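Chain by chain, the residues run as shown.
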Amino acid sequence: MKIGVLALHGAFIEHIGLLESMGIEAVRVRLPEDLDGVSGLIIPGGESTTMRKLTARWGMRRPILDLAAKGAPILGTCAGMIVVAREIAGGEEPVFPLIDVTVRRNAFGRQLDSFETELPIPAIGDRPVHAIFIRAPIIERVGPDVEVLAALPDGRVVAVRQRNVIAISFHPELAGETRIHRLIATMATEYAEPREGIVSSEHPRALPADRGEAM
Ligand code: GLN
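Residues numbered from 1 in each chain as written. Predicted model: local features only at pLDDT ≥ 70, side-chain atom pairs only at ≥ 80, totals over all residues.

Chemist: Requested: an account of the overall build of the chain, with residues and values cited.
Modeler: Helix and strand counts for the chain come out as 5 helices and 12 strands. What you see for the chain is a C-alpha radius of gyration of 16 Å, in line with the 17 Å of a compact globule of 215 residues. Expressed along its principal axes, the backbone C-alpha trace of the chain runs to roughly 45 × 40 × 35 Å. Counting only residues that meet the buried cut, the chain has 42% of its 215 residues in that class. A separation of at least 24 residues holds for 67% of the contacts in the chain among residues at least 6 apart in sequence. (Helix = DSSP H or I, 4+ residues; strand = E, 2+ residues; numbered from the N terminus. Rg over C-alpha atoms; globule rule 2.2 N^0.38 Å. Buried ≥ 20, exposed ≤ 12 C-beta atoms within 10 Å, placed from the backbone. Contact = placed C-beta atoms within 7 Å.)

Given below as structure tokens:
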């Protein structure tokens with residue numbers, strides 16, 4: 001089982017290092033063929049506008065949407081959260097509209113550009129996550145099929161999940177926090193080797209990928 005890390009821009013090296021330290025095979029994903037044999041994808045932090053341009057330029061948009069449609073787990077962190085959101089506040093076009101939320105970029109403003117806090121995420125365990133926020137987004141609207149995984153004490157939503165797609169505002173890879181990556185790896189194993197008795201409709205195989213770019 002291999003997990004891809006989108007390696008066009010941003011904090012991809014840290015994600016690869018964390019996965020490898022956990023004994024998980026990590027693959028740099030730059031081109032559509034890099035997704036072959038990959039059972040999950042991490043979209044790192046960075047600058048979402050740069051990621052938007054590079055994914056379009058390298059023909060990555062359709063292949064990533066196809067991988068998500070097949071049921072492979074996708075984790076977006078920080079800028080990665082922005083690119084998987086169905087809606088971006090302020091009217092920017094979505095990049096990979098995979099999760100039914102509205103995200104606001106740079107939501108903490110200049111006063112609180114970057115900060116760290118202990119964030120409870122009950123879905124991954126009792127011990128809070130040491131969450132590092134860097135010019136981070138927040139979720140302003142949560143669709144009906146979206147589960148809130150974490151919110152700040154004032155109620156602002158910073159981690160969400162819709163089926164196989166998880167989006168978080170902060171950077172677990174900078175804090176050596178492994179539990180979110182472990183969750184993705186567990187989901188990826190389940191995707192790669194569905195348990196016996198689970199019919200294939202659980203992980204429907206997509207039609208052959210159309211390599212043409214929509215954008
Ligand atoms: N501020 C960045 C953006 O809006 C995200 C920052 C990050 O990924 N650390 O794209």
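Chemist: Explain the site of the ligand residue by residue, including any values.
Modeler: In the vicinity of the ligand, the contacting residues are Gly-45, Gly-46, Glu-47, Ser-48, Cys-78, Ala-79, Ile-82, Arg-105, Asn-106, Ile-134 and Arg-135. Of the residues contributing to the shell around the ligand, the split by class is 4 nonpolar, 4 polar and 3 charged. (Near = placed C-beta within 6 Å. Nonpolar A, V, L, I, M, F, W, Y, C, P; charged D, E, K, R; others polar.)

Chemist: Now, about helix 3 (residues 61–69): what can you tell me, with residues and values included?
Modeler: Every buried residue of helix 3 is accounted for by Pro-63, Ile-64, Leu-67 and Ala-68. For helix 3, the angular spread of buried residues about the axis comes to 135 degrees, placing them on one side. Elements that come into contact with the buried residues of helix 3 comprise strand 3 (38–43), strand 4 (74–77) and strand 12 (165–168). (Arc of directions from axis to C-beta.)

Chemist: Could you give an account of the environment of Glu-147, naming the residues involved and the relevant values?
Modeler: By the secondary structure assignment, Glu-147 is in strand 10 (residues 147–151). Residues Glu-147 and Arg-161, spaced 14 residues apart in sequence, show a C-alpha to C-alpha distance of 5.2 Å. If we skip the residues at most four places from it in the chain, Glu-147 touches Val-160 and Arg-161.

Chemist: Which residues make up the pairing of strand 1 (residues 2–6), and what values do they have?
Modeler: Most of strand 1 sits out of view: 4 of its 5 residues are buried. In the sheet, strand 1 pairs with strand 2 (residues 25–29) via 5 bridges, with the strands oriented parallel. Its bridge partner being in strand 2, Ile-3 is matched across the sheet by Ala-26. The pairing of strand 1 with strand 3 spans 3 bridges and is classified as parallel. In the strand pairing of strand 3, Val-5 is matched with Ile-42. (Pairing = 2+ DSSP bridges.)

Chemist: Describe helix 2 (residues 48–57), with residues and values.
Modeler: Within the sequence span of helix 2, burial applies to Ser-48, Met-51, Arg-52 and Thr-55. For helix 2, the angular spread of buried residues about the axis comes to 105 degrees, placing them on one side. Just past helix 2, the residue Gly-59 takes up positive phi, approximately 65 degrees.

Chemist: Residue-level account of unusual backbone geometry, with values.
Modeler: At Arg-135, a residue that is not glycine, the phi angle is positive and equals roughly 45 degrees. Position of Arg-135 among the secondary structure elements: in the loop between strand 8 (129–134) and strand 9 (138–142). With a phi angle near 45 degrees, Arg-163 is a residue other than glycine that sits in the positive phi range. Among the secondary structure elements, Arg-163 is positioned in the loop between strand 11 (157–162) and strand 12.

Chemist: Can you explain the nonpolar core? Please cite residues and give values.
Modeler: Formed by 65 residues in total, the largest nonpolar core has its most connected members in Ile-3, Leu-41 and Val-84. The contacts of Leu-41, once residues within four sequence positions are left out, are Gly-4, Leu-6, Val-29, Ile-64, Leu-67, Ala-72 and Ile-74. (Core = buried A, V, L, I, M, F, W, Y, C linked by C-beta atoms within 7 Å.)

Chemist: Can you break down the environment of Glu-93 residue by residue, with the values?
Modeler: Of note, Glu-93 is situated in the loop between strand 5 (85–88) and strand 6 (99–104). With 9 C-beta atoms counted inside 10 Å, the residue Glu-93 sits in the exposed group.

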